[in-house]
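# Structural overview for review
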Amino acid sequence: MRTRRRIAPSAAVWLLLGAAYFLLPLLATFLFSLRQLQTGHCCTVASYTWVIHNSEFWQTLKLSVELALETIAVSLVIFVPTVYWVHLKVPKLRAVLAFMALIPFVVPPIVLVVGLLNFYKGSPTWFYGQPWGFLVAAYVILAFPYMFFSLDSGFRAIDVHTLTEASQSLGASWPRTLLTVILPNIRAAALAGSFLTLAIVLGEFTIANLSLFHTFPIYLQYVNETQAYAAGATTLVSFGITWAAMLSLLFIGRKRGQRAAFIGGAR
Amino acid sequence: MLIGAFKGANGGWTTSNVSQLVHQPYIQAYRESIEISGVTALLGGAIGLALAYAAIRDGTPRWIRSLLTTFSGVAANFGGIPLAFAFIATIGTIGIATQFMHNQLHLNVWQGADLFTKTGVEIVYLYFQIPLMVLVIAPAIDGLRREWREAASNLGANAWQFWRHIGLPVLMPSVLGALILLFGNAFAAYATAYSLTNGNVYIVPVVIGAYYTGNVFNNPHLGQALALGMFVVLVAMMLLYIPLQRRAARWAK
């Protein structure tokens, strides 16, 4: 029985209210960013020109992007071989890793940074005093659950044992197996984890603020406090970055689904 | 951190940091934190449930559902500094919506100053709480069969009776789990509240932040004790959740 029914009135009301609540702030921020500094009236693109010509904007954005890339690289180097090894040799440890991956979800970032600042207090300055030391170490922990759960689902979708045995019986070494056989097969999962990590690092404020590093979100907060209309522009840029990262993620997810079906069909 | 919480300023062992927590003003910070998290978890949970059901139920076109889940996936990741500013630009004192209401509609119900208080923090938190609820509860709503609703209305039940006796009990285990998640999500939030109020809302993460970044009161050990207290609250929520969950799921065999 598939009769086409009209949308229920109460459902329509709920959805409209929801849409208004979620779209209004975005629209208002856009209108706000077009206001003139002196008069407060519409419409000028002065805020956007100001942002484009602001060197601090580019410096902090560059720092945050570099930190994000470093976090992604470090997490991939640590977690890809680990998850591979666990899937191949010690599947019992999977549950332990999954439990550990939940810890950064449960522990609030503010608690995490308090603990880390205390733990690393005696470490050398090249680590403790530099964003690419301390901050990346903290971000790898933050990224761990996202990386682990994407990689884990990626590894579950492929036949790790058959691929490894085939590669080794053809004489490939462990590093070669990992790089040329396993990695291309979990590429989509690794990319998904990387995009999530990118979105997290580019928006992370708590840890950077408490450890006194000047990253992009810290700069956003500084603009919010000092330049109202320009803050509208930087806010929209930041929303744009989150949107781009999340939509790429959805796009990869869709492609991954298709590819899984393709492999299944070929076999 | 555990060790740091029990250390004094001069390096000796002490329980004074931890014992200070149960007195004013710190107990007030926990109270405010728990209140904000509780209110936004319950409200966000109820609204998120209603939205998800409105999008999934019979009669709503499929594209609305995929639009809602896609948007929720993104919006649940909004937060922090940009989100706070989006609300300042909308319903702050010089926000677009505030000025529109004042100048065009001549309504003076909302002046905008309340955005920078606890109420404002709660309004803003809902922006990421509702989408999170939609994402978490959507699979459970898929499990509500259309036949149940039809059977109930054949037996003469109205919408309220359906939800009271069938819908909510079936969804209860998932709803409870989602509420815990939402509570923890709001409890841990720091950047949004800090940015919105410039550190003038008295919740635990903001107080910890002040002890680490402030020039006036720099007291990391008290900050560590406060962080330990947050962890204890979260563990207590988990422990409360287990028996509730068991009771809610007792018939679902």
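First, a word on what this report is: a plain description of the structure on this page. (Residues numbered from 1 in each chain as written. Chains lettered and ligands numbered in written order. Predicted model: local features only at pLDDT ≥ 70, side-chain atom pairs only at ≥ 80, totals over all residues. Heavy atoms only, no water.)

### With respect to the interface of chain A and chain B
Heads up, the rule is: Contact criterion: two residues are considered in contact whenever any of their non-hydrogen atoms come within 4.5 Å of each other. Throughout, the accessible surface (probe 1.4 Å) given up by two parts as they are put together, summed over both, is called the buried area. Just to be clear on terms, a salt bridge is a Lys or Arg side-chain nitrogen sitting within 4 Å of an Asp or Glu carboxyl oxygen. Residues adjacent in sequence count toward polar contacts only when both atoms are side-chain atoms; beyond that, a polar contact is any pair of N or O atoms within 3.5 Å, and within protein one must be able to donate a hydrogen and the other to accept it. Working definition: helices are DSSP H or I runs of at least four residues, strands are E runs of at least two. Numbering for both runs from the N terminus. Residue classes follow a fixed rule: Ala, Val, Leu, Ile, Met, Phe, Trp, Tyr, Cys and Pro count as nonpolar, while Asp, Glu, Lys and Arg count as charged, and any other residue, Gly among them, counts as polar.
With 52 residues of chain A in contact, the opposing surface of chain B contributes 55 residues. Buried surface at the junction of chain A and chain B, both sides included, amounts to about 4700 Å², of which 76% is carbon and sulfur. Where chain A meets chain B, there are 0 salt bridges. Linking chain A to chain B there are 7 residue pairs in polar contact (both at pLDDT 80 or more). Of all the elements in the fold, those that place two or more residues in the side of chain A that touches chain B are helix H1 (9–33), helix H5 (109–119), helix H11 (206–210), helix H12 (216–226) and helix H13 (228–266) of chain A. The element contributing the most residues to the side of chain A that touches chain B is H1 of chain A, with 14 residues. Along the lines of polarity and charge, the residues of the side of chain A that touches chain B split into 35 nonpolar, 13 polar and 4 charged.

### Here's the deal with helix H8 (residues 160–169) of chain A
All names here are of chain A. Cut-off, in case you're wondering: Note on exposure labels: buried denotes an accessible area under 20% of the residue type's maximum, exposed denotes more than 50%, and partly exposed covers the range between, all computed with a 1.4 Å probe on protein chains only. It is the directions from the helix axis to the C-beta atoms whose arc is reported.
Those residues of H8 not exposed but buried are Val160, Thr164 and Ser167. All buried residues of H8 lie within an arc of 70° about the axis, which places them on one face of the element. Along H8, the residues that are exposed and aim more than 90 degrees away from the buried face are Glu165 and Ser169. Of the surrounding elements, those touching the buried residues of H8 are helix H3 (55–88), helix H7 (131–157) and helix H9 (174–185). Remark: Gly171 follows H8 within two positions and exhibits a positive phi of approximately 90°.

### A look at the environment of Leu67 of chain B
Structurally, Leu67 of chain B can be placed in helix H4 (residues 62–75). Considered as a pair, Leu67 of chain B and Ala55 of chain B are 12 residues apart in the sequence and their alpha carbons are 9.4 Å apart.

### Quick word on the packing of H12 of chain A against helix H5 (residues 80–91) of chain B
Condition: The angle between two axes is taken between their N-to-C directions and runs from 0 to 180 degrees, where each axis is a line fitted to C-alpha atoms and a helix contributes only its stretch in contact. Any angle between 65 and 115 degrees counts as roughly perpendicular, while under 35 counts as roughly parallel, over 145 as roughly antiparallel, and the rest as oblique. Two helices crossing with the near one rotated counterclockwise from the far one by less than a right angle form a left-handed crossing, whereas a clockwise rotation gives a right-handed crossing.
Running from amino to carboxyl end, H12 of chain A crosses H5 of chain B at an angle of 20°, the nearest separation of the two axes being 9 Å. On the basis of the axis angle, H12 of chain A is roughly parallel to H5 of chain B. Along this stretch, H12 of chain A crosses H5 of chain B, giving a crossing that reads as left-handed. Along its contact with H12 of chain A, which presents Pro217, Leu220, Gln221 and Asn224 of chain A, the element H5 of chain B presents Ile81, Pro82 and Phe85 of chain B. A class-by-class count of the residues in the contact of H12 of chain A with H5 of chain B yields 5 nonpolar, 2 polar and no charged.

### Considerations on unusual backbone geometry
A positive phi angle is found at Leu212 of chain A, which is not glycine, with a value near 60°. Within the secondary structure, Leu212 of chain A is located in the loop between H11 and H12.

### Topic: the packing of helix H9 (residues 159–188) of chain B against helix H12 (residues 220–248) of chain B
All names here are of chain B. The geometry of H9 relative to H12 is characterised by a closest axis approach of 9 Å and an angle of 170° between their N-to-C directions. The angle between H9 and H12 falls in the class roughly antiparallel. Taken together, the residues of H12 that come into contact with H9 (itself represented by Met172, Pro173, Leu176, Gly177, Ile180, Phe183, Gly184, Phe187 and Ala188) are Met230, Val233, Leu234, Met237, Met238, Tyr241, Leu244, Gln245 and Ala248. Residues of the contact of H9 with H12, tallied by class, amount to 15 nonpolar, 3 polar and no charged.

### Thoughts on the nonpolar core
Stated formally: Buried residues of nine kinds, namely Ala, Val, Leu, Ile, Met, Phe, Trp, Tyr and Cys, make up a nonpolar core once their side-chain atoms join them within 4.5 Å.
In this structure, Tyr125 and Ile208 of chain B are the most contacted members of the largest nonpolar core, which totals 145 residues. The leading source of residues in this core is helix H7 (residues 118–142) of chain B, at 13 residues.

### So, the side chain of Thr177 of chain A
Take Thr177 of chain A: it is sitting in helix H9. With near-sequence residues (within four places) excluded, Thr177 of chain A lies in contact with Tyr84, Thr164, Ser167, Gln168, Ala172 and Ile182 of chain A.

By themselves these figures say nothing about function.
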